[in-house]
Amino acid sequence: MAEPAYLVASDSETTAEEKSSSPFPDIAIGIDIGTSQCSVAVWGGSQVELLRNTRNQKLMRSYVTFKDEIPAGGVSNQLAHEYEMLSGAAIFNMKRLIGRVDTDPVVHASKSLPFLVQTLNIGVRPFIAALVKNMWRSTTPEEVLAIFLVELRAMAELQLKRPVRNVVLTIPVSFSRFQITRIERACAMAGLQVLRLMPEPTAVALLYAQQQQQNVHENMGSGSEKIALIFNMGAGFCDVAVSATAGGVSQIKALAGTALGGEDILLNMMRHLLPDMDSHFSTRGIDEIRRMGLLRVATQDAIHKLSAQSNVQIDVDLGNGRKISKALGREEFEDVNREIFEKCESLIKQCLHDAKVEVEDVSDVILVGGCSNIPKLRNIITGVCKREIYNGINPLEAAVRGAALEGAVASGVNDPFGSLDLLTIQATPLSIGVRADGNSFVPIIHQNTTMPVRRDVIFTTVHDNQAEALIIVYEGDEKAVEKNHLLGYFKITGIPPAPKGVPEINVCMDIDASNVLRVFAGVVMPGVQNPAAPVMEVRMPTVDDGHGWCAEALNRTYGSTLDLVTVQKKGAH
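Residues numbered from 1 in each chain as written. Predicted model: local features only at pLDDT ≥ 70, side-chain atom pairs only at ≥ 80, totals over all residues. Heavy atoms only, no water.

Scanning the model with the defined rule gives four aromatic pairs in all. Seen from their ring centres, F333 and F341 are 6.2 Å apart, and the 70 degrees between their planes marks the pair as edge-to-face. (Phe/Tyr/Trp six-rings, centres within 6.5 Å; stacked < 30°, edge-to-face > 60°.)

And the structure:
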C-alpha cells in the first residue's frame with residue numbers, strides 16, 4: 001500500500017479539538033530532531049516507549065526529498081542507496097540552518113552540502129534549494145522541518161491510534177530565541193502545539209533524575225544529592241550541562257553550548273582529503289554534487305570505522321581522473337580536528353566553573369549524542385572529570401526519553417508509582433540584555449540564571465534634554481553587542497526635558513515558567529513617584545527576517561542620539 005500523502009498547514013491554521021479513546025488523550029509526545037537523525041517517544045503508562053516507523057526503525061534520518069511532486073521525509077521514505085540522499089534532491093541538516101542569516105559562519109560551512117545554499121552576506125535568510133528534474137526548487141528550513149514534522153505526527157497518530165497535537169521538543173543550548181520562534185513556526189505549520197522546548201542536556205538530566213529516583217525507591221533510601229555532568233554532541237551541536245539531582249528534582253546549575261558537531265568533523269576531514277574541495281565543487285552542477293556525495297559518504301564511513309579501529313583505508317573515484325587513495329590513522333584524524341576537540345574540553349571546564357562545581361564533586365559523567373563513540377571525546381571527558389562514563393543511559397535515546405517524560409509531566413499525567421514525580425528547574429542558556437554604555441552589551445539577565453526570573457537595571461540619558469531612548473535587546477554572551485543575537489527594539493518617548501544623567505530609565509526583563517520573555521521600560525524623574533510616561537511592555541523577540549539589516553539600519557539612522565548609560569543594578573524581584 002502506498003504511503004499516505006500529508007499536507008503542511010499554514011501558520012494561521014488551527015486544529016479543531018478531536019475526541020480520542022486513549023487513556024491519555026492529550027499526552028504530549030517527545031521529539032528529538034537531531035541534525036542527522038530523529039526519534040519520537042511517549043509515556044506509555046508505566047514507562048517511556050519509543051515509536052517506530054513502518055520499517056520498524058526507532059531512529060530515522062532527518063531529511064526531506066523533493067524529487068517528486070509530493071516531498072517525502074526520512075520517516076516514510078526509504079532511500080534506495082545512501083547516494084540518493086546526496087543527489088541534490090534531499091535537504092538535510094535543517095536544524096543547523098534554521099533561524100540563521102547569511103552572514104553566519106554555520107551557513108557558509110553548509111555550502112559544502114550537496115544541495116544549494118546561496119548567500120548575499122547582508123544579514124538575511126540564505127537561499128536554499130533542492131535539485132528537482134534538473135531545476136533548483138527553493139525552500140526554507142522551516143518548510144523542510146514542517147514537512148518532516150507532519151510525517152512524524154502521522155506516524156505517531158497511526159501507532160497511538162489517537163490525534164496528536166501537543167509536543168515537547170529538544171533544542172540545542174546555543175539556540176537563540178529567534179531560532180526558537182522558527183522551530184515553533186515549523187511546528188505550527190505541521191499542526192503541532194509546543195508545550196515545552198527543552199535544551200537537550202536538560203532533557204537528559206530529567207531522565208537521569210527519574211533513574212536516580214527509582215534507585216532510591218528500590219533501595220528504600222532517602223537519596224542524597226547527585227551532581228551529574230552531561231556532555232551531548234551530535235552532528236550539529238555540542239552541549240554541556242551540570243545538574244544537581246535529588247528526590248526527582250533536577251536543577252540545572254550551568255549550561256554551555258556551541259554549534260560544533262560531527263558535521264564540522266566531517267567537513268574538516270573532507271577538506272583534509274581534498275584540499276581544493278571548494279574550488280573543485282564550485283559550479284554546483286549535477287556531476288559536482290554527485291562527486292561531493294561520493295567524497296562525503298567515503299569520509300563519513302572512514303570516521304565511523306575509526307571509532308573501532310586505529311586505521312582505515314579510503315578509496316574514492318571522483319571522476320575526471322581525480323582519485324583519492326589514502327590510509328588514515330586515528331592519530332591523524334584527531335590532529336586534523338584538534339581545534340574542535342579542544343573546544344569541547346574548554347566547554348566542559350567552562351560549565352564546571354560556571355556551576356561552581358569541583359571535579360571531585362561530580363557523581364556521574366553522562367555522554368550522549370551521535371558522536372559519543374569517538375574515542376578522543378571519551379578520553380577528554382574521562383580525563384577532565386577523573387571518572388568513568390555513566391553507562392545507565394542509551395546515548396542515542398536519552399534526549400527523546402527525557403522529552404517524553406516532560407511531555408507526560410506537562411500534560412498532567414499522574415503515575416501511581418511516582419515515576420512522574422519529577423521537576424526540572426531550568427536555567428537561562430544565554431544572557432539577555434540591551435545595548436548601552438556606548439556600543440556595549442549590558443546583560444540584565446545573566447547566563448545560567450534560574451527560571452522563572454525577573455531582573456532590572458536602571459539607565460539614564462547621555463544627552464541634555466534627550467526626549468527619547470532606544471531600547472535594543474540582544475541575547476548572547478559577547479561583550480561586543482554586534483556579536484550577539486538581536487531580539488528586538490522599541491523606543492521610549494516622552495522623557496521630560498532635563499540635563500543628561502537625571503532621568504531614570506528602568507529596563508526590566510521577565511522570563512516566566514513557559515520561557516516567555518517580556519521587556520518592560522519606564523521613565524522616572526527624581527522626586528516623582530509615578531512614571532513620566534506610560535510603561536512599555538514588549539514580548540520578545542520582535543524581529544523577523546532581515547535582523548542583520550535591522551541592526552545596521554538602527555545604527556545608521558540613530559547613531560548614539562538615543563543611547564543609554566548604566567546607572568545602577570538592582571536585585572531580583
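Let's pick the thread back up.
Here we come to unusual backbone geometry. Following M451, the chain continues into P452 via a peptide bond in cis, with omega recorded as 0 degrees. Relative to the elements of secondary structure, P452 occurs in the loop between β21 (440-445) and β22 (453-461). With a phi close to 65 degrees, N134 is a non-glycine residue in the positive phi region. One can find N134 in the loop between β9 (127-132) and β10 (135-139). Residue N134 is classed as exposed on the basis of its relative accessible area of 57%. For K161, which is not a glycine, the phi torsion comes out positive at approximately 55 degrees. Checked against the element boundaries, K161 lands in the loop between α3 (141-160) and β11 (166-171). On the accessibility criterion, K161 (67% relative accessible area) is exposed. (Helix = DSSP H or I, 4+ residues; strand = E, 2+ residues; numbered from the N terminus. Buried < 20%, exposed > 50% of the residue type's maximum accessible area, 1.4 Å probe, protein only.)

Before going further, it helps to spend a moment on the packing of α3 against helix α4 (residues 177-189). Interaxial distance between α3 and α4 falls to 8 Å at its minimum, and their mutual angle equals 45 degrees. When the axes of α3 and α4 are compared, the pair comes out oblique. Every pair of crossing elements has a handedness; the one defined by α3 and α4 is right-handed. Contact residues: E142, E143, L145, A146 and L149 in α3; R182, I183, A186, C187 and M189 in α4. Residue classes in the contact of α3 with α4 are distributed as seven nonpolar, no polar and three charged. (Axes fitted to C-alpha atoms, helices over the stretch in contact; angles between N-to-C directions. Parallel < 35°, antiparallel > 145°, perpendicular 65-115°, else oblique. Left-handed = near helix turned anticlockwise from the far one by under 90°. Contact = heavy atoms within 4.5 Å. Nonpolar A, V, L, I, M, F, W, Y, C, P; charged D, E, K, R; others polar.)

Take the domain arrangement of the chain next. Along its sequence, the chain is organised into domain 1 (19-196), domain 2 (201-258 + 338-392 + 416-425), domain 3 (262-335) and domain 4 (432-569). The C-alpha centroid of domain 3 is placed 26 Å from the C-alpha centroid of domain 1. Facing 18 residues of domain 1, the contacting portion of domain 3 comprises 13 residues. Here domain 1 meets domain 3 over a buried area of about 1300 Å², counting both sides, of which 63% is carbon and sulfur. (Domains from an automatic or database assignment. Buried area = accessible area lost by both parts, 1.4 Å probe.)

Counting across every chain of the model gives 25 salt bridges. For D563, the salt bridge goes to R435, with nearest N and O atoms at 3.0 Å. On the criterion of sequence distance, the pair formed by D563 in the loop between α13 (547-558) and β28 (564-569) and R435 in strand β20 (residues 432-436) is long-range, its members being 128 residues apart. Both residues of the pair, D563 and R435, count as buried. (Salt bridge = Lys/Arg side-chain N within 4 Å of Asp/Glu carboxyl O.)

Attention now goes to the sheet that holds β9. Paired through backbone hydrogen bonds, the strands of a sheet run either parallel or antiparallel to each other. Judged by pairing direction, the sheet is antiparallel, and its three strands sit side by side in the order β8-β9-β10 without closing on themselves. Sheet topology places β8 (116-118) and β10 at the edges, where each strand pairs with a single neighbour. Within this sheet the neighbouring strands show an average axis-to-axis angle of 35 degrees, counted without direction. In terms of strand pairing, β8 meets β9 through three bridges, oriented antiparallel. Across the sheet, residue V117 finds its bridge partner in β9, namely I128. (Pairing = 2+ DSSP bridges.)

It is worth spelling out the sheet that holds strand β6 (residues 72-73) at this point. Strand order across the open sheet formed by three strands is β6-β5-β7, with antiparallel pairing between neighbours. With partners counted over all chains shown, the strands left at the sheet margins are β6 and β7 (90-92), one partner each. Sheet analysis places strand β5 (residues 63-65) next to β6, joined by two bridges and oriented antiparallel. Following the sheet pairing, V64 is matched in β6 by G73. The sheet strands contacting α3 are β5, β6 and β7, and the helix crosses β5 at an angle near 100 degrees.

To continue, consider the environment of C385. Relative to the assigned elements, C385 resides in helix α11 (residues 375-385). Through-space distance from the C-alpha of C385 to that of K356 is 14 Å; in sequence the pair is 29 residues apart. Contacts of C385, omitting those with residues within four sequence positions, involve L229, I348, V359 and V365.

A word on the side chain of T461. Looking at the secondary structure, you find T461 in strand β22. Here the side chain of T461 touches G501 through a polar contact of 3.3 Å, landing on its backbone nitrogen. Among residues more than four places away in sequence, those in contact with T461 are Q466, I495, P499, K500, G501, P503, I505, D563 and V565. (Polar contact = N/O pair within 3.5 Å; in protein donor to acceptor, adjacent residues only side chain to side chain.)

Let us look at the nonpolar core. Across soluble globular proteins, nonpolar side chains show a tendency to be buried alongside one another. With 90 residues, the main nonpolar core has I31, L149, L152, I366 and I393 as its most contacted residues. It is α3 that provides the largest number of residues to this core, a total of ten residues. Lining this core are residues from two domains, each supplying at least three of them: domain 1 (19-196) and domain 2 (201-258 + 338-392 + 416-425). In this structure I31 touches S39, V40, L149, L152, V167, V168, L169, T170, V400 and A403, once residues within four positions along its chain are discounted. With 54 residues, the next largest nonpolar core counts F231, A302, L318 and I348 among its residues. (Core = buried A, V, L, I, M, F, W, Y, C linked by side-chain atoms within 4.5 Å.)

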